[in-house]
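Architecture and fold: a report
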Amino acid sequence: QNKQIVEKSFLIRFFDDVPSFVSIQGNFFSKMEEDHKVRGGKLATNFMEKGAIIGSKRAFRIEKMVGGGGFGQIYRAIDLESRIVVAVKVEPKSTESGRIVLELNILLLLQHCVNIPKIFYSGEVNRMNYIVMQLLGKNLGDLRKYQRHRTLSNITTARVGIQCLQCLKEVHNLGYIHRDIKPSNICAGIGEHKRILYIVDFGMARKIRNDDGTFRPERTYASFRGTTRYVSITAHERKEQGFVDDIWSLFFSLCELSEGLSWKNLTDQDEIYLAKKIMLNRFQSRKLSRSFEAFPILLEKTERTEMPDYPKLIEILKTSCPNFEECSEFEWDAE
Ligand code: ADP
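This write-up is about the structure you can find in this document. (Residues numbered from 1 in each chain as written. Predicted model: local features only at pLDDT ≥ 70, side-chain atom pairs only at ≥ 80, totals over all residues. Heavy atoms only, no water.)

What about the side chain of Arg99?
Structurally, Arg99 is set in helix α3 (residues 99–109). Taking relative accessible area as the criterion, Arg99 reaches 7% and is therefore assigned buried. In this structure, Arg99 is in contact with Phe71, Glu91, Asp201, Gly203 and Met204, ignoring residues within four places of it in sequence. (Helix = DSSP H or I, 4+ residues; strand = E, 2+ residues; numbered from the N terminus. Buried < 20%, exposed > 50% of the residue type's maximum accessible area, 1.4 Å probe, protein only. Contact = heavy atoms within 4.5 Å.)

Listed below in structure tokens is the structure:
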């Protein structure tokens, strides 16, 4: 299975699928993209119908929608040649020009990273762009909500943090920042990959460091990017984000996974900003041991253009749960 996935990732093509080559079975799209913009930008209906077949050089049959973000929709589909189950992310071309193209390019650069879904194929049809990639399991936002106390164990939280740090280090090494790290953008793998966590949704990523090592000029005002509940203080203040801001979002995500956030019912940006300031003023973890308190302290010392100290942060997470085990089960393993 694993070998097949690696081999298949060489079959990548860019957005060059020509609609006339696409074999259409049944009513391919239930509605055109204009319909989806009606309700305040929220996606109201399915872009694709069950049974639709997409792809020219390869054929994928759409099965079922498994996720819907702010812009796109994710479907479970079957590669009709290999019978491998895959995921298809679809986005109307008009959504925000280039979003999914940027995402594809970053995902391709990150294919060496274990915590990034493998890409198999990409195409364009009926003014929609799509990416065919490794099918993943549930996201951590949903997995947390299914738990009895709506929280995850310390060991799970630490392992989520460690895997995300390893992945973000690779993202940052390429000069990119993700800008929307949150539990719903972290998915568990399935089958033999069930103990691997994957970071998804690079649609909001930004390259901050050029290939020659220089940084893009710092803007005096950077418009808001991210999800209010998880963004860093820097993002709240509309300042230019750096590598460390992804880790701040990871920090707030880990706090939510392990013990919840005091601002979970707030919606006002200023109130959330204030709640974060209060929390960070004297951060004390209620569940993880006191050594976790060193995590935000280390982030506070990290400059925008500096690479965070990933090994040290990983060490902090390991020591924050006394009986840390790398290979223990996750809560959702048995499901
Ligand atoms: P958007 O860019 O529209 O916000 P995302 O890429 O964030 O879309 O995906 C939305 C949801 O779909 C995620 O929260 C996740 O639960 C699910 N998802 C994303 N990628 C996959 C995948 N490869 N396999 C299975 N589910 C996925």
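Having seen it, we continue.
Quick notes on the layout of surface pockets
Estimates place the volume of the second largest pocket at around 350 Å³. Lining the second largest pocket we find 18 residues, and of these Ile233, Thr234, Glu237, Asp245 and Trp248 sit closest to its centre. At the level of secondary structure, the elements contributing two or more residues to the lining of the second largest pocket comprise α6 (233–236), α7 (243–259), α8 (269–281) and α9 (294–300). (1 Å grid on protein atoms, 1.4 Å probe; cavity = no way out; pocket = protein on both sides within 12 Å on 5 of 7 lines; lining within 4 Å. Points joined across faces, edges and corners; volume = space filled by probe spheres on them.)

Topic: the state of the cysteines
Taken as a whole, this structure holds zero disulfides when the rule is applied. Cys167 supplies the cysteine sulfur nearest to Cys164, a cysteine that is in no disulfide, at a spacing of 7.0 Å. Taking relative accessible area as the criterion, Cys164 reaches 2% and is therefore assigned buried. For the unlinked cysteine Cys255, the closest cysteine sulfur is that of Cys164, found at 14 Å. (Disulfide = S-S within 2.5 Å.)

Let's talk about the environment of Tyr273
Structurally, Tyr273 is set in helix α8. Those residues within four positions of Tyr273 in sequence are excluded, and the remaining contacts are Ile233, His236 and Glu237.

Looking at the site of the ligand
As a matter of local geometry, the ligand sits amid 19 residues, with Gly72, Lys89, Leu136, Asn139 and Ser184 nearest to it. Here an oxygen atom of the ligand sits 2.6 Å away from a polar atom, N or O, in the main chain of Ser184. A distance of 3.0 Å separates an oxygen atom of the ligand from a polar side-chain atom of Asp201. Calculation on the ligand without its partners gives an accessible area of 550 Å², and the protein chains cover 93% of this total. (Near = heavy atom within 4 Å. Polar contact = N/O pair within 3.5 Å; in protein donor to acceptor, adjacent residues only side chain to side chain. Areas by Shrake-Rupley, 256 points an atom, 1.4 Å probe, with all protein chains shown as cover.)

With respect to the nonpolar core
Core analysis: the largest hydrophobic core is formed by 65 residues, its most contacted members being Leu140, Leu165, Phe202, Phe251 and Phe295. Phe202 has contacts with Leu102, Glu103, Ile106, Leu107, Leu110, Ile116, Val171 and His178, leaving out every residue within four places of it along the chain. Counting 18 residues, the second largest nonpolar core, distinct from the first, contains Ile54, Phe60, Ile84 and Val88. (Core = buried A, V, L, I, M, F, W, Y, C linked by side-chain atoms within 4.5 Å.)

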